[in-house]
Amino acid sequence: DQQVKQNSPSLSVQEGRISILNCDYTNSMFDYFLWYKKYPAEGPTFLISISSIKDKNEDGRFTVFLNKSAKHLSLHIVPSQPGDSAVYFCAASAKGGSEKLVFGKGTKLTVNP
Amino acid sequence: KAGVTQTPRYLIKTRGQQVTLSCSPISGHRSVSWYQQTPGQGLQFLFEYFSETQRNKGNFPGRFSGRQFSNSRSEMNVSTLELGDSALYLCASSLPRGWSETYEQYFGPGTRLTVT
């Protein structure tokens, strides 16, 4: 049972435009969400996180939106740059005293010059 | 501040052997988690340690084990290696949830294990 889903395996956008990556979750115990960027054969790089007490968090070109009622979050990258091309993972953490993250399968973003 | 370090970066082992991987967390981080990444299963949680105690374990066989030392460094061990254990093994460190206003978990570069 996949508790965190990223339904788009890939996304292609033009440089300078907005990239929107989506993530859905099913477990209502999840209360913290993180986004990572990953290149092949490297560890994930932390981008941005959001607590369930918020509905938006911004950091530079990256903004994460959380819709708790829909159990949906999205990562917006504006403006997109060719260096943003990578696989993006959404991860969720549940309250309860453990640091376990549950990951989605990832979305491969390609930003075309 | 130095990031999460993992050694070795690459390993080739034969079926039936055992392997030990090492992880040094970010200075000040006391929680260390381990994940396995494979093309088919994605990133899967193995286990998590805090203050030398395993607090959570994923759905992996008992051949996978770990430990944490008093300086927060961690090791994971896989015994009786199988071909399916070939994967990228990732270590992540963090402050425990609730210890700071935000929560972030940082990953090391990983150890690429190939079992032949």
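Refer to the structure presented above.
A short tour of the structure in this document, coming up. Note that the structure is a prediction, hence the values are computed from the model and not measured.

**As for the side chain of Ser52(A)**
All names here are of chain A.
Then step 1. Tracing the chain through its elements places Ser-52 in the loop between β5 (45-51) and β6 (56-59).
Then step 2. Judged by its relative accessible area of 19%, Ser-52 is buried.
Then step 3. Filtering out sequence-adjacent residues up to four positions away, Ser-52 remains in contact with Asp-31, Leu-66 and Lys-68.

**What about the pairing of strand β7 (residues 62-67) of chain A?**
Within a regular strand, side chains alternate between the sheet's two faces.
All names here are of chain A.
Then step 1. Bridging between β6 and β7 involves four bridges; their strand directions are antiparallel. Looking at β7, one finds that Glu-58 is bridged to Thr-63.
Then step 2. Counting the residues in the hairpin turn of β6 and β7 gives two residues, including Gly-60, whose phi is positive at 65 degrees.
Then step 3. Pairing analysis gives six bridges linking β7 to strand β8 (residues 72-77), with the strands arranged antiparallel. Note on β8: the bridge partner recorded for Val-64 is Leu-75.
Then step 4. Counted along the chain from β7 to the antiparallel partner β8, the turn is four residues long, and its residue Lys-71 has a positive phi close to 50 degrees.

**Details of the packing of aromatic side chains**
Then step 1. Following the criterion strictly, the structure yields 14 aromatic pairs over all chains and no others.
Then step 2. A ring pair is formed by Phe103(A) and Tyr35(B), whose centres lie 5.6 Å apart and whose planes are at 85 degrees; its orientation type is edge-to-face. Of this pair, Phe103(A) sits in strand β10 (residues 101-103) while Tyr35(B) sits in strand β4 (residues 31-38), on two different chains.
Then step 3. Of the residues examined, Phe103(A) reaches a relative accessible area of 8% and is grouped as buried.
Then step 4. On the basis of relative accessibility, which here comes to 0%, the residue Tyr35(B) falls in the buried class.

What counts, and where the lines are drawn
- Residues numbered from 1 in each chain as written.
- Chains lettered and ligands numbered in written order.
- Predicted model: local features only at pLDDT ≥ 70, side-chain atom pairs only at ≥ 80, totals over all residues.
- Heavy atoms only, no water.
- Helix = DSSP H or I, 4+ residues; strand = E, 2+ residues; numbered from the N terminus.
- Buried < 20%, exposed > 50% of the residue type's maximum accessible area, 1.4 Å probe, protein only.
- Contact = heavy atoms within 4.5 Å.
- Pairing = 2+ DSSP bridges.
- Phe/Tyr/Trp six-rings, centres within 6.5 Å; stacked < 30°, edge-to-face > 60°.

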